[in-house]
There are 2 protein chains.
Amino acid sequence: MRLEILPVPGIGHVTEGDDLAVLIGSAAPWLRDGDVLVVTSKIISKAEGRLVDVPADGPDRQAARDRVLAAETARVVASRGATRIVQTHHGFVMASAGIDASNVDKTRLVLLPEDPDASARALRAGLRERYGVNVAIIVSDTMGRPWRNGLTDVALGVAGMDAIRDHRGEVDPYGNELVLTQMAVVDELAGAGELIKGKCDQMPVAVIRGYLTPPLTEDGEGARVLVRDASMDLFSLGTAEARAAGMAAAATLPDRPGDTAPDPAVVDQAIASVADAIAPGTVFTQVTDDEARRALTAIVPGWPTDATALVLCSPPTPVGPVQLVRFGTDVQRLRTALAAVDVPAQLLPPPNGTTAAATLAL
Amino acid sequence: MRLEILPVPGIGHVTEGDDLAVLIGSAAPWLRDGDVLVVTSKIISKAEGRLVDVPADGPDRQAARDRVLAAETARVVASRGATRIVQTHHGFVMASAGIDASNVDKTRLVLLPEDPDASARALRAGLRERYGVNVAIIVSDTMGRPWRNGLTDVALGVAGMDAIRDHRGEVDPYGNELVLTQMAVVDELAGAGELIKGKCDQMPVAVIRGYLTPPLTEDGEGARVLVRDASMDLFSLGTAEARAAGMAAAATLPDRPGDTAPDPAVVDQAIASVADAIAPGTVFTQVTDDEARRALTAIVPGWPTDATALVLCSPPTPVGPVQLVRFGTDVQRLRTALAAVDVPAQLLPPPNGTTAAATLAL
């Protein structure tokens, strides 16, 4: 067994309206059933007319680029300096929505194909109809990724094979069930294609021979199965953006106790975490003794029956209006520290007849 | 030009102390100068004895796994449920620090090689010394990634080639300088190797022929150049972790104005963002008129000379101690909302002789 990675030279410049099946099929009359064609998305975009006119330079160029980026963006994931990592309408997370100014006239930008899976299916059908070959198509593009320097080519569109090879449920020779074995083989194939495309000049198509066993049949579900839903992703937002979102959420924390009893140690840690930020002499006391807490909750006006823990908040003395406002900001600091460890809190007046100035019901 | 991906069958089970150069060299006497060997990290770990004994099952197994994970972890990046994405001591960000329980006896865990670049160099030297072949070595492992379903194989260690192919400074046929063209070719080679390894049973080594042109010389800098420093990474923390960090930071916001004048529109947006969270009747007024602001800053006790903007904070009336504490929490909400948009603020007493109860100096 061996796999081969072959270049397809002679495709030349692609322009709007070109029939890629003809360009590729005539450049590679040696295609065989079962070949996997890795096609750079840019030539598909060009053939499909996914180009936008922009000024060649100057501030208008940047403004035009920004407009194009906004149109191609479903959601901004992260920004730093001029870098914009966005989720496209397809669901792919890419720098600048995959918009590219290279290998195109200076007055144009190349957008990603509108539906790369559909592009792959159309090219596959075209090659089958015109040349009688049953191949798989991968539409590839170059992407960066978190944590690792350097870019790799991955799949944006697929037809004729499954994007993922699934080994789940298989058992290794030691009797361990394989659990993490959904391999994104189309991304590995796209990267393999790049190895030869990148060594050549202007080589938009590579062929991987020997990976699939003919006859291929269905187009399959395409590359869209590779898109992880943001709600399932541990990295759906950039770190700075998520941090800012956490701060913004802290500004509008709801005013209610939690559904479950907090861990007293976690509450004490939250109290300790704000110690250096609050006015000297301010005291936050978690009352953990059941009897003492019951006695206090009975005399806190409006104590919510579902609250399970109590923090007594006392300002430094003497206390005037300015000190009480400062004290309030410090109580809110504690409430924020508690929220950071998932302990909601409700602000209440102090227990009647005590020197405390506020109560937090957790 | 063509590349070939070849399997190396017949390596069999690897145990501690095995000489991998002998195992591979005798299984693949057909190796040639310039071949790239993609070697699954697990057989390197096994040969190097990077195994830990753990109970085969029960709660002790989980506790032992947790201890091993903690030891292999330099930094926790993200957690959800049982998933732990961590940065290893090498700098790689991986689920469970790459610790693996598959393809090994149930009472052992396989750790990553301690220094995969060194492992690659040693194997390369061994093959050269024993068999006279000058090859490149990639130590590979399987990783998930944000945003895309499915795993791919990437490089943990490299010897005999550069990890990154750098096209920066080159110019495309349209005269555009290529800017984003540092390709992580060793990751693409690792993925290409997986294509054939994954199709075979127990195939820990693949050879990529035709990619490099002999003679190879230096070992090179290894795969460590692929590790992006966390400070340079837009995704150095999981979204939930960064969000919690933002909340925790909100709890300990410093009490000082910013270095630069804030955009008044941004300040107004922050004020608007807390409108539904504050007590009815509380009013935050950004004083943008220069003359009015100068008049007020003159009568705010302790106004910092470097502050550039002023928000007047007035509680609802009538105002008693309980209302002032609540008012303080609301002022802190505004301060947090301002911090979320990078506008620091200092809490000050109200201007003398006004009905306001606090001032924020921005």
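Before reading on, note that the structure itself is shown above.
Everything numeric here is computed off the predicted structure, so don't read it as measured data.

Here is what the cut-offs are and how they apply
- Residues numbered from 1 in each chain as written.
- Chains lettered and ligands numbered in written order.
- Predicted model: local features only at pLDDT ≥ 70, side-chain atom pairs only at ≥ 80, totals over all residues.
- Heavy atoms only, no water.
- Salt bridge = Lys/Arg side-chain N within 4 Å of Asp/Glu carboxyl O.
- Helix = DSSP H or I, 4+ residues; strand = E, 2+ residues; numbered from the N terminus.
- Buried < 20%, exposed > 50% of the residue type's maximum accessible area, 1.4 Å probe, protein only.
- Arc of directions from axis to C-beta.
- Contact = heavy atoms within 4.5 Å.
- Polar contact = N/O pair within 3.5 Å; in protein donor to acceptor, adjacent residues only side chain to side chain.
- Pairing = 2+ DSSP bridges.
- Axes fitted to C-alpha atoms, helices over the stretch in contact; angles between N-to-C directions.
- Core = buried A, V, L, I, M, F, W, Y, C linked by side-chain atoms within 4.5 Å.

The next thing to look at is the pattern of salt bridges. Taken as a whole, this structure holds 33 salt bridges over all chains when the rule is applied. Measuring nitrogen to oxygen at the nearest pair gives 2.7 Å for the salt bridge that ties Arg-148 of chain A to Asp-187 of chain B. Of this pair, Arg-148 of chain A sits in the loop between β8 (136–143) and β9 (152–159) while Asp-187 of chain B sits in helix α5 (residues 185–197), which puts the two residues in different chains. A network of salt bridges, in which partner residues are shared, links Arg-50, Glu-72 and Glu-114 of chain A.

Let us now look at helix α1 (residues 20–27) of chain A. Residue and element names in this part refer to chain A. Residues Leu-20, Ala-21, Ile-24, Gly-25 and Ala-27 constitute the buried set of α1. Buried positions in α1, seen along its axis, are confined to an arc of 170° and lie on one side of it. Against β2 (36–40), α2 (41–47), α4 (116–131) and β12 (205–209) lie the buried residues of α1. A distance of 3.0 Å separates the backbone nitrogen of Ala-21 from a side-chain oxygen at the start of α1, and that oxygen is part of Asp-19.

Residue and element names in this part refer to chain B. With antiparallel pairing, three strands are arranged side by side in an open sheet as β4-β5-β6. Every interior strand has two partners, whereas the edge strands, β4 (73–80) and β6 (93–95), have only one. Taking the axes of each pair of neighbouring strands and ignoring which way they run, one obtains an average angle of 30° across the sheet. With three bridges connecting them, strand β5 (residues 83–88) and β6 associate as antiparallel partners. Directly across from Gln-87, in β6, lies its bridge partner Val-93.

Before going further, it helps to examine the nonpolar core. Grouped together as the largest cluster of nonpolar side chains are 58 residues, with contacts concentrated most on Ile-138, Met-161 and Tyr-211 of chain A together with Ile-138, Met-161 and Tyr-211 of chain B. Not counting chain neighbours up to four residues away, the residues in contact with Met-161 of chain A comprise Val-36, Ala-136, Ile-138, Val-185, Val-186, Leu-189, Tyr-211, Leu-212, Glu-218 and Asp-219 of chain A. Grouped together as the second largest cluster of nonpolar side chains are 48 residues, Val-343 of chain A together with Phe-284, Cys-313 and Ala-337 of chain B included.

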